[in-house]
Amino acid sequence: METRASIAQVPLFEGLPADQLSKVADVSIEQKFGKGQTLFSEGAKATGFYVIVSGRIKIYKLSLEGKEQILHIFGAGEFFAEVPVFAGGAFPAHAEAIEASRVLFFPRAAFIELVRSEPSLALNMLAILCQRLRRFTHMVEDLSLKEVPGRLAAYLLYLGERAEGSDRLELDTTKGQLASLLGTIPETLSRILAKMSQQEFITVEGRRITILNREALENLAAGEKLPG
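About the thresholds
Residues numbered from 1 in each chain as written. Predicted model: local features only at pLDDT ≥ 70, side-chain atom pairs only at ≥ 80, totals over all residues. Heavy atoms only, no water. Phe/Tyr/Trp six-rings, centres within 6.5 Å; stacked < 30°, edge-to-face > 60°. Helix = DSSP H or I, 4+ residues; strand = E, 2+ residues; numbered from the N terminus. Buried < 20%, exposed > 50% of the residue type's maximum accessible area, 1.4 Å probe, protein only. Lys NZ or Arg CZ within 6 Å of the ring centre and 35° of its normal. Contact = heavy atoms within 4.5 Å. Arc of directions from axis to C-beta. Pairing = 2+ DSSP bridges. Axes fitted to C-alpha atoms, helices over the stretch in contact; angles between N-to-C directions.

## Description of the packing of aromatic side chains
Then, in step 1: For the coordinates displayed, the defined rule picks out 12 aromatic pairs.
Then, in step 2: Aromatic pair Phe-49 and Phe-106: ring centres 5.0 Å apart, planes at 15 degrees, arrangement stacked. Linking Phe-49 in strand S3 (residues 48-54) with Phe-106 in strand S8 (residues 101-107), this pair joins segments that are 57 residues apart in sequence.
Then, in step 3: On the accessibility criterion, Phe-106 (0% relative accessible area) is buried.
Then, in step 4: Residues Phe-74 and Phe-80 carry aromatic rings whose centres are separated by 5.8 Å and whose planes lie at 10 degrees to one another, so their mutual orientation is stacked. Like Phe-80, Phe-74 is buried.
Then, in step 5: Through a chain of ring-to-ring contacts, the aromatic side chains of Phe-40, Tyr-50, Phe-74, Phe-80, Phe-91 and Phe-105 assemble into a single cluster.
Then, in step 6: Directly above the ring of Tyr-60 sits Lys-58, whose terminal nitrogen or CZ lies 5.0 Å from the centroid.

## Notes on the environment of Thr-210
Then, in step 1: If you trace the backbone, Thr-210 turns up in strand S11 (residues 208-211).
Then, in step 2: Overall, Thr-210 belongs to the partly exposed group, its relative accessible area being 25%.
Then, in step 3: Along the backbone, Thr-210 and Asp-167 are 43 residues apart, and their C-alpha atoms lie at a distance of 5.5 Å.
Then, in step 4: In contact with Thr-210, other than residues within four places in its own chain, are Asp-167, Arg-168, Phe-201, Ile-202 and Thr-203.

## Here we look at helix H4 (residues 108-117)
Then, in step 1: By the burial criterion, the buried members of H4 are Phe-111, Ile-112, Leu-114 and Val-115. On an axial view of H4, the arc spanned by its buried residues comes to 160 degrees, and they lie on one face. Of the exposed residues in H4, those oriented more than 90 degrees away from the buried face are Ala-109 and Arg-116.

## A short note on the sheet that holds strand S2 (residues 38-40)
Then, in step 1: One open sheet accounts for 4 strands, arranged S2-S7-S4-S5; its pairing is antiparallel. With partners counted over all chains shown, the strands left at the sheet margins are S2 and strand S5 (68-74), one partner each. When the angles between neighbouring strand axes are averaged without regard to direction, this sheet yields 30 degrees.
Then, in step 2: Two strands pair when backbone bridges link them, and strand S4 (residues 57-62) and S5 are joined in this way by 6 bridges, in the antiparallel orientation. Note that in S5 the partner of Ile-59 across the bridge is His-72.

Honestly, it's all geometry; don't read function into it.
As structure tokens, then:
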């Protein structure tokens, strides 16, 4: 029952009737990972996908020089590594727990068989994947076309949307992890946060950020330069 309740909170399975939730729960395998523990490595055979019950997982790639680029950080209720489940092949990136985490693992073969018998699962997954594709498209655009202040502004606005439009945000990553996610270094990120504070676009108290001037952030995200 606890597993089914956890699954019912995941957008991927939202709206499924109790009997289908039970079938989903039956094919899942609960796993626990400590902080810093690897779930899978890039290039390893993709044997299934994951849903996070608690904790946070970072997805990242490494350059030839060993530099880490964080692609995404997932939290409770989110899922990842789902594309290889249908496409087959290998995991395209690394996954590591950034805090103690509990996940549900869905083996590829068992889940595909379930989808064949319950097509509504596929419809839910398609809808969520479309949303995620749009998000990743924006991320690639930000990294390739925008300067760091614009990337940061876009990320803060994204956090606000995720918090149902709130101007009070709580960073769920360290500044080092956020810098990697934005394709910069911690020192540059700190300078930009300080400039945004001086311009009264935001206030920063540790990991708490309050948006004071949403329009200014939207202009930065659209490509305007940061004053000063």
